[in-house]
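What follows is each chain in one-letter form.
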Amino acid sequence: MHLHKYEKYWLIFGGASLIVFLLITGIMAFHYGSHPPSSIKTINYEKVDEIAPFNNPGVHRVSGKDWDYEVVLVASAFYYNPAELHVPKGSKVKFIITSKDVIHGFEVAGTNVNMMAEPGYISEYTTTVDKAGDYLIVCNEYCGVGHAQMHSMLKVVD
Amino acid sequence: MKKQKQKPTESFSAKTAGVLKVDNKDAHLVLAHMYVAFIALLLGATAGLLQVLVRSGYFELPAPLGYYQILTIHGVLLALVFTTFFILGFQTAAVSRTSGALSDTQRILGWIGFWLMTIGTIMATIMILLNEASVLYTFYAPLKAHWIFYLGLALLIIGSWVDLMGHCLRWEQWRKENPRKTTPLISFMAVCNSLLWVVATLGVAIEVVFLLLPWSFGLVERVDVLLTRTLFWYFGHALVYFWLLPAYMVWYCVIPKIIGGKIFSDGLARLSFIMFILFSIPVGIHHQLTDPGIDSPSKYIQVVLTMMVVIPSMITAFSMFATFEMRGRELGATGLFGWLKKLPWGDARFLAPFVGMVAFVPGGAGGIINASFQMNQVVHNTIWVTGHFHLTLATTAVLTFFGASYWLIPHLTGRIFTPSLNRLGIIQTICWAVGMLFLAIGMHFEGLLGAPRRSAFSNYGGAEIAETWASYQIAQAIGGTFLFIGIIIFLYICVSLWWFTPKGEQEFPIAELAPQAEKTPPILENFKVWIVILAALILIAYTFPIYNIIENSPIGSKGFKLW
Ligand code: HEM
Ligand SMILES: [Cu+2]
Ligand SMILES: [Cu+2]
């Protein structure tokens, strides 16, 4: 099958931008370690309250790890435990969350901290919080009647 | 070949030889599909209007109705029911028109499928209305609906398989009767879309029949949440191409005829359809980029496969504009863009799909952003995503379906599309475009500010950022009102075309191939080859993640009814 000359240019342009684009995302991910949240740890969702670290939700300072704080959060219909979190500006934070019942979302609104919380799985994402302010945490996956009332607050303090 | 009642009004061509009108008995079958589709459209649009009003913050639903119940109606009736009925009806018409009337057996398959789907739809809809199934159209476990809801969905899926067998067998028959000839283009495309649908729905059928039904029925206590979700999205992304390809059939085969032109290239059209089949199924995990339990490299492989659809999309865009330009120059257009002036802007059969094409430019660009691995986190599950598919599905596909209805319905009912209805069709299109400007742009911007999707009105405890969302929700209410009016105009036109406009013959436009177009390579029609490649791609993309999901699975989930 023969292609029209302009169509060839058009497709070469398309194919080339595709390759460039995929290379950039690939290098970002596998060289700079910028992966989407993809933890594969599992948990018994019916025993979340008894299993570490979820038996002690909240913000914990840690040492000897690649990050400074662990934010441990339990999602259930229709709230997050704890309801408010304080972390110091500039710290490297690992969010660790799970669900006690159905699928919930965990989104720090207006940022790229955004992941699913699914029963039986632990979701993790590490990031540096470098701007002070109050950040609303919303549930962005439908979980039942109270879904739009499910939120929490992340306070990044100086 | 069937003998025909009416005099052929077009010249015969070698490619689309023979029948020029949809057979009468087939027309009844097609109209039955349209009937259910349009009722679903009316109910779904009413739900849509209620949603935008609730989300504006100035309206509350009357007592027994809940927001998520309404949203389930909207998603199920529009995304699953309206589309499936319209598309299978349309494909049946297209095959009957270009390959010839269905045999009795083929038509009976169509009817059995139609009734299975209709019964399934009624079952599911009643359960939603009884508030036993407010689980949205994605029905993620462990939210657990009534088993009748899942059974209804199962019937809808299985019915669709029987239904499409009818017209696919007709295509096969044409091929046998015309050895070594290239099959009619639009029939071939209908078969492609059916193949895509069958392979894709295997995932959701397994999910519904083997996992959710026994679980909701109480036969098993627990269900694997991530497995059901992954099976759903194995289907869910291909679903969007199942919606889009019929629109492309109209663009490739019908629009050239409406503007008085010819099909630019038969081979490229077929090639793009084959590529859509290959690259629309092994990619569903791009909807699960932020899910736990699936490793990052597996996600990345599917992102790469997802992006491949850029190529057939670019082929399609090129073919469309080449057709437009060729025709414009034939009519004496000069200069780089002079041909634009020569297009039939006053013809609703052209304008509606054209606006759909335009919407696909931002729609497609948004899709690339959504599927971009890390960038997905910025928009995942925000209302941006909803804005995205109101452009691609609710504008590109739906406006093309509207434009097609303007000739298809009267063609089937033996009436004509009158100039006054054409004017209404133009107004309808403008109404839709304006409505979408408000609704879709509002949703995109609100989503970038972090507003979640699938959410009733809420001030999130007075949080500052939530205040910035309010004005966009008002914009969506304005846009949604325009859209609802648009639906009413559309349905008014359809009712007129069905029962009231003057009797006559409305053409089912099918364009001929341009004389300078080259011969189509026969490999493109060899489905065996493509099915093998497709199976290989699916195995590459899914074996490892599914194996991992099953191998590492935590204790399954019991059901929850939280609404
Ligand atoms: C009257 C016209 C329409 C209006 C006012 C409208 C409005 C809306 C709104 C506000 C939402 C988001 C609700 C939320 O996330 O909380 C939504 C979701 C949706 N709409 Fe529409 N829409 C209309 C037409 C359509 C059409 C024609 C289609 C497809 C054929 C469609 C398909 C969908 C789908 C699939 C969803 C997602 C449902 C979900 O997240 O579960 N809509 N619509
Ligand atoms: Cu929620
Ligand atoms: Cu997708």
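Because the structure is predicted, anything quoted here is derived from the model rather than measured.

For the rest of this paragraph, the subject is the coordination of the copper ion (ligand 3). All names here are of chain B. Taken together, H237 (ND1), H286 (NE2) and H287 (NE2) make up the protein donors of the copper ion (ligand 3), found 1.8 to 2.1 Å from the metal. Sequence positions of the donors to the copper ion (ligand 3) reduce to the motif H-x48-H-H. According to the relative accessible area criterion, H286 is buried, its value standing at 8%. Among the residues examined, H287 registers a relative accessible area of 23% and is labelled partly exposed.

A:F106, B:F38, B:F82, B:F90, B:F139, B:F149 and B:F402 are the most contacted members of the largest nonpolar core, which totals 240 residues. Among the elements that make up this core, the one with the highest residue count is helix 6 (residues 225–258) of chain B (25 residues). Apart from the residues within four sequence positions on either side, B:F82 is in contact with B:A37, B:F38, B:A40, B:L41, B:L77, B:V398, B:F401 and B:F402. Formed by 7 residues, the second largest nonpolar core is a distinct cluster that contains A:V48, A:V72, A:I96 and A:I122.

Moving on, we get to the pattern of salt bridges. All told, the structure shown has 25 salt bridges over all chains when counted by the stated rule. The partner of A:K41 in a salt bridge is A:E124, with the nearest N and O atoms 2.8 Å apart. Highlighted residues: A:K41 in the loop between helix 1 (5–30) and strand 1 (58–61) and A:E124 in strand 8 (residues 123–128), separated in sequence by 83 residues. Where B:E507 meets B:K257, a salt bridge forms, and the shortest distance between an N and an O atom there is 3.7 Å. Separated by 250 residues along the polypeptide, B:E507 in the loop between helix 14 (464–500) and helix 15 (527–551) and B:K257 in helix 6 bring together distant segments of the chain. Classification of B:K257 as partly exposed rests on a relative accessible area of 26%. A cluster of three or more residues bridged by salt bridges with shared partners is formed by A:E46, B:E221, B:R222 and B:K558.

So, about the packing of aromatic side chains. Residues and elements named next belong to chain B. What the rule picks out here adds up to 51 aromatic pairs over all chains. Pairing F337 with W339 gives two aromatic rings, centres 6.3 Å apart and planes at 45°, and the pair type is tilted. A cation over a ring is seen here: K144 above W215, with NZ or CZ 5.2 Å from the ring centre. In this structure, R229 is placed above the aromatic ring of Y140, and the distance from its NZ or CZ to the ring centre is 4.6 Å.

For the rest of this paragraph, the subject is helix 7 (residues 266–278) of chain B. Between its first and last C-alpha, helix 7 of chain B extends 19 Å over 13 residues, near the 18 Å set by a 1.5 Å rise per residue. Of all 13 residues making up helix 7 of chain B, 12 are buried, and the element is well covered by its neighbours. All buried positions along helix 7 of chain B are accounted for by B:D266, B:G267, B:L268, B:A269, B:R270, B:S272, B:F273, B:I274, B:M275, B:F276, B:I277 and B:L278. Buried positions along helix 7 of chain B lie against helix 1 of chain A together with helix 5 (185–217), helix 6, helix 9 (310–330) and helix 15 of chain B. The distance from a side-chain oxygen at the start of helix 7 of chain B to the backbone nitrogen of B:L268 is 3.1 Å, and the residue carrying that oxygen is B:S265.

Rules and cut-offs
Residues numbered from 1 in each chain as written. Chains lettered and ligands numbered in written order. Predicted model: local features only at pLDDT ≥ 70, side-chain atom pairs only at ≥ 80, totals over all residues. Heavy atoms only, no water. Donors = N, O, S within 2.8 Å, 3.2 Å for Na, K, Ca; no water. Buried < 20%, exposed > 50% of the residue type's maximum accessible area, 1.4 Å probe, protein only. Core = buried A, V, L, I, M, F, W, Y, C linked by side-chain atoms within 4.5 Å. Helix = DSSP H or I, 4+ residues; strand = E, 2+ residues; numbered from the N terminus. Contact = heavy atoms within 4.5 Å. Salt bridge = Lys/Arg side-chain N within 4 Å of Asp/Glu carboxyl O. Phe/Tyr/Trp six-rings, centres within 6.5 Å; stacked < 30°, edge-to-face > 60°. Lys NZ or Arg CZ within 6 Å of the ring centre and 35° of its normal. Expected span 1.5 Å × (residues − 1). Polar contact = N/O pair within 3.5 Å; in protein donor to acceptor, adjacent residues only side chain to side chain.

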